[in-house]
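Analysis of the macromolecular model
If you want the building blocks of each chain, they are given just below.
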Amino acid sequence: MASKTDRGERDIKSFLADVRSAMTRQPSANPGDDDNSTPEVQQSMWRAVLRCLPRDLEYVTADDSIDQNLRCPVCLAWLLDPVQLGCPAKHMLCRTCTSGLQVSPHRSVCPLDRCPFTETPPAAPAVIASLSQLQVRCPYSAAGCSWIGNRGDLLQHTGCCDRALEECRQCGAHVRRCERLAHVHALEVGMQVQWNGSEGVGEVVRSDLLSDTVMVRFPEGIRSCLRCELVPASWTNVRPPTAADVNEGTTAHGTLAEARHAVENTNVQRRQAEIDSVLNVYEQAERINVCFVVDCTGSMRRHIEAVKFQIFGIVREMAARLPSSMMHIAFVGYRDHGDTIRLEEFPFTTSATEFKNFVDTVGAWGCGGDVPEDVLGGLQTALNLDWSIGGAATRVLIHIGDAPCHGHYYQDRDCFTCKDNYPDGDPEGIQPGVLLHNLRAKEVQYVFGKINSTTDKMIRLFDEEAGGDYIQVREMRDTRLVAETVTNSLHASVATTVTALSAGRRAPNVVKTSEDIPIWRDVVAQDIQLHRCQQVSSISDLCTGASASATQRMCTDVATLKLAALPFSQGETRAAR
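What counts and what doesn't
- Residues numbered from 1 in each chain as written.
- Predicted model: local features only at pLDDT ≥ 70, side-chain atom pairs only at ≥ 80, totals over all residues.
- Heavy atoms only, no water.
- Disulfide = S-S within 2.5 Å.
- Buried < 20%, exposed > 50% of the residue type's maximum accessible area, 1.4 Å probe, protein only.
- Pairing = 2+ DSSP bridges.
- Helix = DSSP H or I, 4+ residues; strand = E, 2+ residues; numbered from the N terminus.
- Axes fitted to C-alpha atoms, helices over the stretch in contact; angles between N-to-C directions.
- Contact = heavy atoms within 4.5 Å.
- Core = buried A, V, L, I, M, F, W, Y, C linked by side-chain atoms within 4.5 Å.
- Parallel < 35°, antiparallel > 145°, perpendicular 65-115°, else oblique.
- Nonpolar A, V, L, I, M, F, W, Y, C, P; charged D, E, K, R; others polar.
- Lys, Arg positive; Asp, Glu negative; His and termini not counted.
- Salt bridge = Lys/Arg side-chain N within 4 Å of Asp/Glu carboxyl O.

Here the focus is the state of the cysteines. The final tally for this structure, using the stated rule, is zero disulfides. Its sulfur unpaired, cysteine 110 is 4.0 Å from the next cysteine sulfur, which belongs to cysteine 87. Relative accessible area serves as the criterion here: at 0%, cysteine 110 is assigned to the buried category.

What follows is about the sheet that holds strand β19 (residues 444-450). Judged by pairing direction, the sheet is mixed, and its six strands sit side by side in the order β17-β16-β15-β18-β19-β20 without closing on themselves. Both edges of this open sheet fall to β17 (343-349) and β20 (471-475), since each of them pairs with a single strand only. When the angles between neighbouring strand axes are averaged without regard to direction, this sheet yields 20°. In this sheet, strand β18 (residues 394-401) lies alongside strand β15 (residues 287-295) in parallel orientation, the contact comprising seven bridges. Following the sheet pairing, cysteine 291 is matched in β18 by leucine 397. Its contacts with the sheet place helix α9 (residues 375-383) against β15, β16 (326-334), β17, β18 and β19, and it is angled at close to 150° to β16.

Membership of the largest hydrophobic core comes to 38 residues, with the highest contact counts inside it found for Val290, Phe292, Phe331, Phe355, Ile398, Val486 and Leu490. Elements with a contribution of two residues or more to this core: α6 (256-285), β15, α7 (301-321), β16, α8 (352-360), β18 and α12 (482-503). Broken down by element, the residue count for this core peaks at seven residues, all from α12. Apart from the residues lying within four places of it in its own chain, the contact partners of phenylalanine 331 are Cys291, Phe292, Val294, Cys296, Glu344, Glu345, Phe346, Phe355, Phe358, Val359 and Val362. By size, the runner-up hydrophobic cluster in this structure holds 30 residues, among which are Leu385, Trp387, Phe448 and Ala466.

This part takes up the packing of α7 against α8. Close contact between α7 and α8 brings their axes to 9 Å; oriented N to C, the two are set at 175°. The orientation of α7 with respect to α8, classified from their angle, is roughly antiparallel. Between α7, through Ile304, Val307, Lys308, Phe309, Ile311, Phe312 and Val315, and α8, the contact on the second element is made entirely by Ala352, Thr353, Phe355, Lys356, Val359 and Asp360. Grouping the amino acids of the contact of α7 with α8 by side-chain chemistry returns nine nonpolar, one polar and three charged.

A few words on the side chain of aspartate 463. Mapped onto the secondary structure, aspartate 463 falls in helix α11 (residues 456-465). For the buried aspartate 463, no salt bridge exists, and the shortest N-O distance to an oppositely charged side chain is 6.0 Å, to arginine 440. Ignoring any residue separated from it by four or fewer positions in sequence, one finds aspartate 463 in contact with Gly468, Asp469, Tyr470 and Ile471.

Okay, the pattern of salt bridges next. Under the defined criterion, the tally for this structure stands at 15 salt bridges. A salt bridge links arginine 335 to glutamate 344; the nearest nitrogen and oxygen atoms lie 2.7 Å apart. Neither arginine 335 nor glutamate 344 differs from the other in exposure class; each is buried. The closest approach of N and O atoms between arginine 342 and aspartate 374, which form a salt bridge, is 2.3 Å. In this pair, arginine 342 is assigned in the loop between β16 and β17 and aspartate 374 in the loop between α8 and α9, connecting sequence segments 32 residues apart. The exposure class of aspartate 374 is buried, given its relative accessible area of 1%. Sharing partners across several salt bridges, the network here consists of Lys308, Lys356 and Asp360.

Rendered as structure tokens:
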């Protein structure tokens, strides 16, 4: 008489054979005769099986042996679960690749000819039959399976592949079919275990792999238990028995199911705490304080106006890139010793209007009787600002100037031969090295907007005195690009802050991983929202001078997400900080 296991395996093989046959056979002459095997159902079954495989399919078919039109024009791979768009050309895509084509609740646009469509019926049976002839390796080839066959036969093969993983019903471990008979539940002497015939936790006192029985000491005495009836107590989160347990007969959890549920809840809570920690880092990094330090002498009129008129665009662009960001802006203008107004300061504010109104009052005049300017005075004024306002973690100083500071040491005499009234350095004794170290200690990132080469030596020496790898140089000769350059610099600064907060200010995450693939049917799905940028309607929307709104249109999709209790060693992303 066949065992239940043998009958179960035959049932699975029979089911997979039926699926394979249903997917590749031609449609019935009478549509009503085949209602249970529609192309939609067939491809859904195919997709469901693919989701359970440990890796993407590896094709071995020569590129010239199959019609190249059977490649998806979006992902460029062979069509998988193909659908036919309702556009005039009837283009075919993978079903998953059509998810980003929707421009309204009931309307999508073909990515090739931009024609609208509303329906995505399954591809013709002849197309599916051609794709079924593609040669693929077994998804378990890394484990030693050498099978290569038609893609259409993959379902049948994986149903009987001896390298495929199966879950042990007794201990929950995933073992390969070829190792199933040799698999034993390793229970070492001294291990804490739980038996389904007892509510307490016991200690293994004798275990022989050649025997099906294990001797276990429970609070009520020593018992001989079948190995398949024991589960390691570490899976149940139950503590070892104590004297109080023996007297009171209590345990941390009433049943094994409740204990496992408690472990899952603990893991989920730990994962949630890790996620909250990452989100907190981004929340801190998106609090931005940026101070513009600008040379306000006569040659800088166009750049002062650029900052004044483009500040609204900078604020809008940062809000579009980082919707949850909060930005404070400040302004420091410097001229030179001997000028009537040497320094002008506007403290941090969240109002772009107040900022612009102040810059309106700043004139481009003065020079102090020589070409070098009071650069160090401007930086010192910026240093004295309240950089901690708003709890900002991203702090950026954007310095725009076209002349070096005082002191021949900081001037390249090959390209700068102009007069310097203070050739020995700053007349007030400000030391650049001390000043820059103080800026760095306040975690202020320094971005220099370069206008000409006369400042090259000064910035190089400033960077060296600050300890190196500190000052970022950006080209700002063209005043039309000031907003774009500043926005890109601020966005990069936020990313730098995230890295610093993740790596330097908190202990590295100790990521625990699992070797087993999660049993997804037991994981509760969560509803989420996906925010994505819509495709541009024309290539001209990407050209210089195009409206920024064309690339900032967002749409929201609703989806479900399953979060495993532990990261597992399958897929592309293992763990991230």
